[in-house]
Amino acid sequence: MFGLPSMASRLVALDLATGASRASTVVPVGLDEIRIADGGGTVFFDGSGAGIGFHVFAFDRLTGATEIVDSVPGNPNQAVNGRSTLVEISSDGRFVCATSSATDVLATGPTPTAGSQVFLFDRLIGTRRLVSHVAGLPTTPCNALARGEDFSGNGACVVFTTSATDVLGGPPNAFGQTNVYAFDVARGVVEVASAAPGAPGSIAPGFGRADRPIVSHDGLRIAFSSDRSSRCDVVCEGHSNS
């Protein structure tokens, strides 16, 4: 599928049990992230592959095939029209979360953006979803750059950060500060993790950032840092994923 320039480095997957190794045919120039699914059958990475730009790839260690995860809908051999970076995968390798500046990720058509947005790719059924969307509009990007931060191992919860003012229904983010949000994969709903104490769904007031979130494997707990003038919950427990 992809050509290799001379003297290029390769991504190599090694089976420690048998000593067998296999190299991807994509050249990971500027490689940033590498993940491997449970069982070791598929390795995911981002980088520049054979002159097609910076994208997210899945390498099948058994067959030696490499696929473009962030491909144009309906065209698996063509990468989308913007830079994409790997955020995280589900443990089984079915779901891939990525941040991308592309406008042709969704099958619904072009999506004008205010910068990079967060997407979730389902490799089993071949669909992709916009995570950082406007409340109630699942294919409309939010009005500010969004960054994917983490994804639970069970595939239930994506956490991302943005200063957008239209991610939540109801009152907007009037402070314009970066907040932490959780996308419930099963329900398709975005909730604010950096909520005001005792007021879930309400952004903690005051200036300062809430960022660097991580999520537990089961998607039920989120931890993040915050320098808000008013305290916000540091650990979000009981996040629903059903």
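What comes next concerns the included structure.

Reading guide: rules and limits
- Residues numbered from 1 in each chain as written.
- Predicted model: local features only at pLDDT ≥ 70, side-chain atom pairs only at ≥ 80, totals over all residues.
- Heavy atoms only, no water.
- Pairing = 2+ DSSP bridges.
- Helix = DSSP H or I, 4+ residues; strand = E, 2+ residues; numbered from the N terminus.
- Axes fitted to C-alpha atoms, helices over the stretch in contact; angles between N-to-C directions.
- Core = buried A, V, L, I, M, F, W, Y, C linked by side-chain atoms within 4.5 Å.
- Buried < 20%, exposed > 50% of the residue type's maximum accessible area, 1.4 Å probe, protein only.
- Contact = heavy atoms within 4.5 Å.
- Salt bridge = Lys/Arg side-chain N within 4 Å of Asp/Glu carboxyl O.

Looking now at the sheet that holds strand E11 (residues 117-122). On the basis of which strands lie adjacent, the open sheet formed by four strands has the order E9-E10-E11-E12 and antiparallel pairing. Where the open sheet ends on each side, the last strands, each with one partner, are strand E9 (84-89) and strand E12 (127-130). This sheet shows a mean twist of 25 degrees between the axes of neighbouring strands, independent of strand direction.

Here we come to the sheet that holds strand E17 (residues 179-184). What holds strands together in a sheet is hydrogen bonding between their backbones, with the strands either parallel or antiparallel. Strand order in the open sheet made by the four strands is E15-E16-E17-E18, with antiparallel pairing throughout. Either end of the sheet is taken by a strand with one partner, and the two such strands are strand E15 (146-151) and strand E18 (189-192). Taking each pair of neighbouring strands and ignoring which way they run, the sheet shows an average axis angle of 30 degrees. As defined by bridge partners, E17 adjoins E18 across four bridges and the pair is classed as antiparallel. Residue pairing in the sheet places Asp184 in a bridge with Val189 of E18.

The next subject is the nonpolar core. General note: in soluble globular proteins, nonpolar side chains tend to be found buried as a group. If you look at the biggest cluster of nonpolar residues, it comprises 21 residues, and the most contacted ones within it are Leu120, Val158 and Phe160. Broken down by secondary-structure element, the contributors of at least two residues to this core are strand E10 (95-100), E11, E15, strand E16 (157-162), E17 and E18. Apart from residues no more than four positions distant in its own chain, Val158 is found in contact with Cys97, Val118, Leu120, Val131, Asp150, Phe151, Tyr181, Ala182, Phe183 and Val185.

To continue, consider the pairing of E17. The buried fraction of E17 amounts to six of the six residues, a majority that puts the element mostly inside the structure. Neither face of E17 is exposed, since Asn179, Tyr181 and Phe183 on one face and Val180, Ala182 and Asp184 on the opposite face are all buried. Bridge count between E16 and E17: six bridges; the pairing is antiparallel. Of the residues in E17, the one forming a bridge with Thr161 is Val180. As consecutive antiparallel partners, E17 and E18 are separated by four residues, and within that stretch Gly188 has a phi angle of approximately 70 degrees, a positive value.

With the rule as written, the count across this model stands at eight salt bridges. Between Arg123 and Glu67 there is a salt bridge, with the nearest N and O atoms lying 3.0 Å from each other. Pair noted here: Arg123 is in the loop between E11 and E12 and Glu67 is in strand E6 (residues 66-68), with a separation of 56 residues, a long-range link. Judged by its relative accessible area of 30%, Arg123 falls in the partly exposed class. Arg187 serves as the salt-bridge partner of Glu191, at 2.5 Å between the closest nitrogen and oxygen. Ionic contacts of the salt-bridge type, sharing partners, join the residues Glu33, Arg35 and Glu88 into one network.

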